[in-house]
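# Reading the structure
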Amino acid sequence: MPNPENPSPASFRDPQPPEFASGSRHETRRALIKGGLAAALLGPAMAARALGAAPPAVAPPGESRKWGAGPEGQRVADRGDGTFLNPILPGDHPDPTILKDGADYYMTFSSFNSFPGIVIWHSRDLVNWRPVGPALRQNIGTVWALDLCKHGNRYYVYIPAIPPGKPWSIFVIHSDRIEGPWSDPIDLKIEGCIDPGHIVGEDGKRYLFVNGIRKVRLTDDGLATDGELEPAYAPWRYPEDWVTENFAPEGPKLLRRGPWFYLITAVGGTAGPVTGHMVIAARARSIHGPWEHCPHNPLVRTLSTDEPWWSRGHATVVEGPGGDWWMVYHGYENGFRALGRQTLLEPIEWTDDGWFRAKGGDLGRPLPLPMGGSAVRPGLALSDDFSRDKFGVQWAFHDPAPNEMDRVRYDGNALELRGAGSSPANSSPLTCQAVDRAYEVEVTMELIGAAEGAFLLYYNPKAFVGVGFTGEKAKTYQYASTEEWASVPLAGRKVRARITNNRHVVTYHYSLDDGATWRRHPTRMEVAGLNHNVFGGFLSLRVAICSLGTGRIRLSRFTYRAIEETP
């Protein structure tokens, strides 16, 4: 078990960086939803600011919301005054699965096309989180909504994934320690299913529930199935005139409390209209049913585009450190779909009828911190001098080939990345998540041999923008293509490049003298549309670095900092 630091909330005001040793897929998801439905029926001002400064996270003009300040000025939920403001994990942390393990909480998320993947985070108060490390180092394809659980003294992660050329299946990895090492993935051969949820029944047997909502019994060790997939629950139906993406019963999460099993489910579709995604519940005295619908359904739903969080859903119910109860789920931030689905925390209360209700409203205001617990230092400093391996926790390849890590070599305080492909569209980029609504990133890169370097904001091969460097010119990437007409001469093989993203407005700068003088690239972009509702894939717009051609690039410094938002 980790032994985290537990500073007082006041220390968050001056944090120290923590230390740490495609389209076809979119069609596949539609098919999975269809199958699940059938089963359900069956049952720029900051450009000159000095490096290293950490400006506080400030609310934009006209807003009363204000977060705490974490590493590099990143926003953190804990405000230092006994309250918190969502999100508890900013940036792309979708489909949260949370485990209470004594006084500790662990949480992980869908990692989709990023590898290494399945980064596990740790907290002791449900609000302040820091990463433990990646649990998945073997590429088994696109990874969707997981379930993290503990049975006996062993930890398990149940993983829906689609290996290249194979159908969706559910895999499992396990470890005797949350930090790992984790086992290689084992294919449970539960094909055509997503969103596993683990539970132990009243018979002492282990079960997985999946989208649909269906269930299958597991062997006692949890590493194989012990029966057939069968209908489990016909979810509650919302009125036909509600505006949703589709019915899509998914994300089943279960708990046992008193004489009841509770089944929390998402319906209404994950994205699309902001009023679609929602949280519903059912209960039964047996894991085999019959299940009765909660009379308060839906428990959570975005009702208007005026709300601060859109498409709220995919919830897990968890007991807080002081005995109060909470829901953890995801949502899109109003106006910031490009950040992906962020992790939200909402208080609930159990009522005398044995049901529970959500108490957080639209999450647009600060809420009291959970009772009890202690705070770990939150967040993750994203600046990197490349003196140590931060793959998985910070860096990941997008949609990598099996041998993608062979392109990487650490050399002192630098990372060398061998070239691959001729453009960002056919070269797996090295990506880093963005977590703020306004931020500035810089990287120093040196071109070695017949290499080109690119510094980007990258959604997928069909959606990216940025600048590229050949040693002779600075190229412009817009709309996932090279705009040669917008290239400018730039003679130099070592360049320090900067991207400023201020509420979707993107500006580029570069320097050939290590920051003594800067040039602004003549092309700028607006990137609010680089999100799932336009390009599919359920991803986020990430910072990315590409090494193209037959040479290599040498990265010697990367910096990230939140900046003050301006309209």
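Here, the structure is the one placed above.
Owing to the predicted nature of the structure, the values given are computational and were not obtained by experimental measurement. (Residues numbered from 1 in each chain as written. Predicted model: local features only at pLDDT ≥ 70, side-chain atom pairs only at ≥ 80, totals over all residues. Heavy atoms only, no water.)

## Considerations on the pairing of strand E28 (residues 395–398)
Both faces of the sheet carry side chains from a regular strand, because those side chains alternate between them. Of the two faces of E28, the one lined by Trp395 and Phe397 and the one lined by Ala396 and His398 are each fully buried. Where strand E6 (residues 114–115) lies against E28, 2 bridges are found, and the strand directions are antiparallel. Looking across to E28, one finds that Ser114 is bridged to His398. Pairing analysis gives 3 bridges linking E28 to strand E31 (residues 430–432), with the strands arranged antiparallel. Looking at the pairing, Ala396 lines up with Thr431 of E31. (Buried < 20%, exposed > 50% of the residue type's maximum accessible area, 1.4 Å probe, protein only. Helix = DSSP H or I, 4+ residues; strand = E, 2+ residues; numbered from the N terminus. Pairing = 2+ DSSP bridges.)

## What about the packing of aromatic side chains?
In total, this model carries 24 aromatic pairs according to the counting rule given. On the numbers, 6.1 Å between centres and 10° between planes, the contact of Tyr156 with Tyr158 is stacked. By relative accessible area, Tyr156 is classed as buried at 4%. A relative accessible area of 0% means that Tyr158 is categorised as buried. Among the aromatic residues, those joined into a ring-pair cluster are Tyr262, Trp325, Trp350, Trp355 and Phe356. (Phe/Tyr/Trp six-rings, centres within 6.5 Å; stacked < 30°, edge-to-face > 60°.)

## Some points on the environment of Tyr560
Looking at the element boundaries, Tyr560 is found in strand E43 (residues 552–562). When the C-alpha positions of Tyr560 and Glu440 are compared, they lie 5.9 Å apart, and in sequence the two are 120 residues distant. Not counting the four nearest positions on each side in its chain, Tyr560 is found in contact with Glu72, Gln74, Leu382, Ser383, Ala434, Val435, Asp436, Tyr439, Glu440 and Val441. Polar side-chain contacts of Tyr560 include one of 2.7 Å to the side chain of Asp436. (Contact = heavy atoms within 4.5 Å. Polar contact = N/O pair within 3.5 Å; in protein donor to acceptor, adjacent residues only side chain to side chain.)

## Let's talk about the sheet that holds strand E25 (residues 341–350)
Spatial ordering of the open sheet is given by E23-E24-E25-E26, a layout of 4 strands whose pairing is antiparallel. For this open sheet the edge positions go to strand E23 (309–319) and strand E26 (356–358), each flanked by a neighbour on one side alone. Adjacent strand axes in the sheet meet at a mean angle of 35°, parallel and antiparallel pairs treated alike. One ladder, built from 3 bridges, connects E25 with E26; its direction is antiparallel. Pairing of Glu349 across the sheet is with Arg357, part of E26. (Axes fitted to C-alpha atoms, helices over the stretch in contact; angles between N-to-C directions.)

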